[in-house]
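Here's the letter readout for the chains.
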Amino acid sequence: MSVEDLTRLDSSSFDDFVRTHEGIVLFHKKLCPHCKVMETVIGKVAAQIPMSLAAVDSEEEPALMEKVGAERVPTLALIRGGEVRAVFTGIKNPREVIAWYQGN
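Just so you know, these numbers come straight off a predicted model, no measurement behind them.

Engineer: What should I look at first to understand the packing of helix 2 (residues 33–48) against helix 4 (residues 94–102) in this one?
Structural biologist: To characterise two packed helices, one gives the angle between the axes of the helices and the distance between these axes. Running from N to C, helix 2 and helix 4 cross one another at 60°; their axes reach a closest spacing of 9 Å. In this view, helix 2 runs oblique relative to helix 4, as classed from their interaxial angle. In the crossing of helix 2 with helix 4, the sense of the turn from one axis to the other is right-handed. Counting all contacts with helix 2, which are made through Met38, Val41, Lys44, Val45 and Gln48, the residues of helix 4 involved are Pro94, Val97 and Ile98. Here the contact of helix 2 with helix 4 is composed, by residue class, of six nonpolar, one polar and one charged.

Structure follows, in structure tokens:
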């Protein structure tokens, strides 16, 4: 899975997506190698747990980074119940992402 396979969000679509979906939003940069790792990880997680996946380019949407409190990439935002429930920055393996997702 790559970022091109994810629903692309921007400032005009982010709030609606959060309101109407449950899953993970990946905040990334195009040339970030750690972001590529997390794309693969969330793809593996989504294969095990049904969820919506989306991506936000942090360089194109810095206001959305600020909105969720993300300072660096890759950052995962867990969305559930119409809100951002949890945010994690850095790299996790699929098992850790599943535990994070289920625990929030």
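Don't stop here, the text continues.
Engineer: For this particular structure, what's the right way to read helix 2?
Structural biologist: Note that an α-helix has 3.6 residues per turn; residues three or four places apart therefore point the same way. The terminal C-alpha atoms of helix 2 lie 24 Å apart, and with 16 residues this matches the ideal 22 Å at 1.5 Å per residue to within 8%. Among all positions in helix 2, only Cys35, Met38, Glu39, Val41, Ile42, Gly43 and Val45 are buried. For helix 2, the elements touching its buried residues are strand 2 (23–28), strand 3 (52–57), strand 4 (75–80) and helix 4.

Engineer: What exactly am I supposed to notice about the sheet that holds strand 5 (residues 83–89) here?
Structural biologist: Note: strands within a sheet are paired through backbone hydrogen bonds, in either parallel or antiparallel orientation. Spatially, 1-3-2-4-5 is the arrangement adopted by the five strands of the open sheet, whose pairing is mixed. In this open sheet, the two edge strands, each paired with only one partner strand, are strand 1 (7–8) and strand 5. In this sheet, strand 3 lies alongside strand 1 in parallel orientation, the contact comprising two bridges. Bridging from a neighbouring strand, threonine 7 pairs with alanine 54 of strand 3. With respect to the sheet, helix 2 is in contact with strand 2, strand 3 and strand 4, its orientation differing from that of strand 2 by roughly 170°.

Parameters and conventions
Residues numbered from 1 in each chain as written. Predicted model: local features only at pLDDT ≥ 70, side-chain atom pairs only at ≥ 80, totals over all residues. Heavy atoms only, no water. Axes fitted to C-alpha atoms, helices over the stretch in contact; angles between N-to-C directions. Helix = DSSP H or I, 4+ residues; strand = E, 2+ residues; numbered from the N terminus. Parallel < 35°, antiparallel > 145°, perpendicular 65-115°, else oblique. Left-handed = near helix turned anticlockwise from the far one by under 90°. Contact = heavy atoms within 4.5 Å. Nonpolar A, V, L, I, M, F, W, Y, C, P; charged D, E, K, R; others polar. Expected span 1.5 Å × (residues − 1). Buried < 20%, exposed > 50% of the residue type's maximum accessible area, 1.4 Å probe, protein only. Pairing = 2+ DSSP bridges.

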